[in-house]
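Structural overview
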2 protein chains.
Amino acid sequence: MRRDYDRETVLASTLFSTMPPETAEQLMARSKEIELARGESIFLQGDPADRLFVVLDGWVKLFRVSSSGTEAVVGVFSKGESFAEAPAFQNTNYPVTAETVTACRLLQVKASEILTLMKDDPHVGMAMIGAVYAHLHALVAQIEQLVAQTGTQRVASFLLKLCKQSSGSCRVTLPYDKVIIARYLGITPESLSRAFGRLGREGVTIEQNHAIISDVARLGAFAGTEGKQRRSERDAG
Amino acid sequence: MRRDYDRETVLASTLFSTMPPETAEQLMARSKEIELARGESIFLQGDPADRLFVVLDGWVKLFRVSSSGTEAVVGVFSKGESFAEAPAFQNTNYPVTAETVTACRLLQVKASEILTLMKDDPHVGMAMIGAVYAHLHALVAQIEQLVAQTGTQRVASFLLKLCKQSSGSCRVTLPYDKVIIARYLGITPESLSRAFGRLGREGVTIEQNHAIISDVARLGAFAGTEGKQRRSERDAG
DNA sequence: CGCGTTCCTTGTCTAAGGTCAAGCCGGTCC
DNA sequence: GGACCGGCTTGACCTTAGACAAGGAACGCG
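To start, this report covers the structure provided alongside it. (Residues numbered from 1 in each chain as written. Chains lettered and ligands numbered in written order. Predicted model: local features only at pLDDT ≥ 70, side-chain atom pairs only at ≥ 80, totals over all residues. Heavy atoms only, no water.)

**Some remarks on the environment of A:Gln145**
Residue and element names in this part refer to chain A. Rules: The way it works is that DSSP assigns letters per residue, a run of H or I at least four long becomes a helix, a run of E at least two long becomes a strand, and they are numbered from the N terminus. Whether a residue is buried, partly exposed or exposed follows from its accessible area with a 1.4 Å probe, protein chains only, as a fraction of its type maximum: under 20%, in between, or over 50%, in that order. The contact criterion used is simple: two residues touch if any of their non-hydrogen atoms lie within 4.5 Å.
Within the secondary structure, glutamine 145 is located in helix α5 (residues 122-148). What makes glutamine 145 partly exposed here is its relative accessible area of 27%. In this structure the C-alpha to C-alpha distance between glutamine 145 and alanine 223, which are 78 residues apart in sequence, comes to 10.0 Å. Here glutamine 145 is in contact with Arg154 and Ser157, once residues within four sequence places are set aside.

Set out below in C-alpha cells:
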C-alpha cells in the first residue's frame, strides 16, 4: 500500500527520524500529500513561507535566478529528504524557488502544526535544527567544490556521490536532466557535455542517462585527492 | 565598562536577540569570554563540536581546506554575530575551521547549557533555528554569487555590502586582509588586485585598506542589475 | 510517415581567471 | 643603517569554461 510505503519514507526521513515516533505520526496525520507533474513550481522565491515539505517520491530542485537570468541550483532532493524547514519558522519569505524536476509526490507540513508540537517537546526543535544543519553542511560542501574544483572534477564528484561503493566498477543512473545537473554543478549544459567527454579518459562512459564508471577509486583520485593540478605536477608526470 | 558593552552586544546579537531577555542573561552568565590574538584557531575542522561562539569584538573567518590546499572561506563574522550553533547540537564534529583574522574577544557558550534552557523554553530552540537559518541564507547567496557573477562583480558586491547607503559616494574600510576577502569571494589575491584595478573604471579607488566609491548606484548597476554581460549586449553598446 | 519539440552534443571563438615569477613597499628586528 | 618578512601588485602565460551557432538523436503527434 502506498500509505504504508509513505509512512515508512517519512519516518525514516532526515527530519522525522530523530523525533519521537508518536510525534512524527501526529504530524503526519495533520499533513497532506500533494501530487505534482514534472516542471511544476512548489513555491516561488519571495512567497510567504508557512509550510515545509518532505519528498515522498520524485525529485525536487531549489534554485535562485539572478538578475542576469543565471539559474543557480542550491539543492536537489529526493525521497526521504525535507526542504524549506527553516524559512517556515521565521515568518519570512522563501529565499529560493522550488520546482519539481520529475513527477513528484510530496508531504506538505504546516509550520504552525510543528510549532504547536515544539512547545511540548524539545526533541521537535532538535529535529528541526538537525535538518537545517544538514542543509547548511551540504551548502558548505557545495561552496568548497565550486571554489576548489574544476567543472570536470565537480562532475566526477557528482557521479561518485551517486554510486555508493568506493572502489571497483559501477553503473549509475543520472536521476534527472543534464541541464539540472549542470546548473547544480555551476556549469552550463555544454560544459557538462564536454566534461563527460573528458571523463572518458578516466574510465567513464555515458550512455543516455546512465554512467558507467570502470574504476571508482580512479575517478575519486581524479575528483578529489589530486585536487586542482598544478602546472609543476602535470609537467612532472 | 567592557562588561556592559559586551552585554549589549550579546543581547543585540542575532542569536540572543530573539530569546527572552532573562534567558539570554542566564546563558551569558554561564558562558565565558575568551581573548585571542590574530591568526589563532578557535576550532579545527573535525574537532568535536560542543560549544558555539558570539563575536564580541574583532573578525573571525570560517573556512575549509580542500585536499588540493585551496582554502574556501564560507563565512566571515564580526561583532554581534554567532557561529557554530548547529554542529554544537548534533553531537558531530565541526565541518569547518574557525580562525581569527584580527585580534578578537569571543563569548564561548557550551551547547549543554543551551540544551538545558531549551527544554524549558521553546523560544530558545526558535532562536537557534533563526540563527542557523541566517547562515543558510548567507550561504545560498554566496553560491548564487559564485555561479552568476564574475569575480570583479563579486568584488563590487562585497564593497557595496560594506557601505550602507544605496546611492551617492562613500568611503569604506576593508575590515580585514585582502587575502581573506579574495578567498571569501572565491578568487586569488592576484585576481582581487586586478579586479580593484578594473573597478577603477566604475569609479572605485583603493587606498591601502580603504575603498572610495564615487557612485554607489553605478557600482550597484555594475555588480548586479547588468549581470554577466552577453556578447550581443556588449557589441550593441 | 514527416514534422516539430526537447534534449543533448560539437565546433569555434573569446574572456575570465588561475599559476608562476618578480618586484615593491612598509613594517620590524637586530 | 641593513636585512628580512608579510602583504600586495604587476606581468606573462595558459587553462577553463562561457557564448553563440549549428547539428543530431529520441520522442510524440498528426
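**Quick notes on the packing of aromatic side chains**
Quick reminder of the rule: In summary, the pairing rule links any two rings of Phe, Tyr or Trp, Trp by its six-membered ring, whose centres are within 6.5 Å, and it sorts them by plane angle into stacked for under 30 degrees, edge-to-face for over 60 and tilted for everything else.
Applying the stated criterion across every chain yields a total of 16 aromatic pairs over all chains. Pairing B:Phe43 with B:Phe83 gives two aromatic rings, centres 6.3 Å apart and planes at 40 degrees, and the pair type is tilted. Taken together, the residues span a long stretch of sequence, with B:Phe43 in strand β2 (residues 41-43) and B:Phe83 in strand β6 (residues 82-83) at a distance of 40 residues. Grouping residues by exposure puts B:Phe43 and B:Phe83 together as buried. An aromatic cluster is present here, built from A:Phe43, A:Phe53, A:Phe77, A:Phe83 and A:Tyr94 joined pairwise through their rings.

**Overview of the interface of chain A and chain B**
The condition that has to hold: A simple way to read buried area is as the amount of 1.4 Å-probe accessible surface that goes missing from two parts once joined, with both sides added. Salt bridge, as used here, is a side-chain nitrogen of Lys or Arg placed within 4 Å of a carboxyl oxygen of Asp or Glu. Any N or O atom pair separated by 3.5 Å or less is treated as a polar contact, with the protein-specific requirement of one donor-capable and one acceptor-capable atom, and with residues adjacent in sequence counted only for side-chain atom pairs. We call Asp, Glu, Lys and Arg charged. Ala, Val, Leu, Ile, Met, Phe, Trp, Tyr, Cys and Pro are nonpolar, and the rest, Gly among them, are polar.
Between chain A and chain B, the residue contacts involve 47 residues of the former and 46 residues of the latter. Interface area for chain A against chain B, summed over the two sides, is near 3,900 Å², with a carbon-plus-sulfur share of 76%. In this assembly, chain A and chain B are joined by two salt bridges. Notably, a salt bridge pairs A:Glu144 with B:Arg64, separated by 2.6 Å at the nearest N-O pair. Summed over the shared surface of chain A and chain B, the result is four residue pairs in polar contact (both at pLDDT 80 or more). For the side of chain A that touches chain B, the secondary-structure elements that each account for two or more residues are β4 (60-65), β5 (71-77), α3 (85-88), α4 (111-120), α5 and α9 (216-225) of chain A. Looking at the side of chain A that touches chain B, its residues break down into 24 nonpolar, 16 polar and seven charged.

**Considering the pattern of salt bridges**
Working definition: two side chains of opposite charge can pair if their charged atoms are close together. Scanning all chains against the criterion turns up 24 salt bridges over all chains. For the salt bridge of A:Arg105 with A:Glu33, the shortest nitrogen-to-oxygen distance reads 3.0 Å. Placement of A:Arg105 in strand β8 (residues 104-110) and of A:Glu33 in strand β1 (residues 32-36) is noted, with a sequence separation of 72 residues between them. With a closest N to O distance of 2.9 Å, B:Asp50 and B:Arg51 form a salt bridge. The class of B:Asp50 is partly exposed, set by a relative accessible area of 36%. Among the charged side chains, a salt-bridge network with shared partners connects A:Asp6, A:Glu33, A:Asp57 and A:Arg105.

**Looking at the pairing of strand β8 (residues 104-110) of chain B**
All names here are of chain B. Stated precisely, the cut-off is as follows: In this scheme, strands are said to pair when DSSP sees at least two bridges between them.
With respect to burial, β8 is a largely interior element, six of its seven residues being buried. Of the pairings in the sheet, the one linking strand β1 (residues 32-36) to β8 comprises five bridges and is antiparallel in character. Across the sheet, glutamate 33 pairs through a bridge with leucine 107, a residue of β8. Of the pairings in the sheet, the one linking strand β3 (residues 51-57) to β8 comprises six bridges and is antiparallel in character. Its bridge partner lying in β8, arginine 51 is registered against lysine 110.

**Examining the nonpolar core**
The cut-off we apply is this: By nonpolar core is meant a set of buried Ala, Val, Leu, Ile, Met, Phe, Trp, Tyr and Cys residues that side-chain atoms within 4.5 Å join together.
One finds A:Phe43, A:Phe83, B:Phe43 and B:Phe83 to be the most contacted residues of the largest nonpolar core, which totals 56 residues. Not counting residues up to four positions away in its chain, the partners in contact with A:Phe43 are A:Phe53, A:Leu62, A:Phe83, A:Ala84, A:Tyr94, A:Val96, A:Thr97 and A:Ala98.

**Thoughts on the relation of the copies chain A and chain B**
Stated precisely, the cut-off is as follows: Least squares is used to superpose the copies, and the fit set is the C-alpha atoms of residues whose pLDDT is at least 70 in both copies.
Superposing chain A onto chain B requires a rotation of 180 degrees together with a translation of 0.0 Å along the rotation axis, leaving an RMSD of 0.0 Å. Given the turn and translation reported, the copies of this chain are related as if by a two-fold rotation axis.

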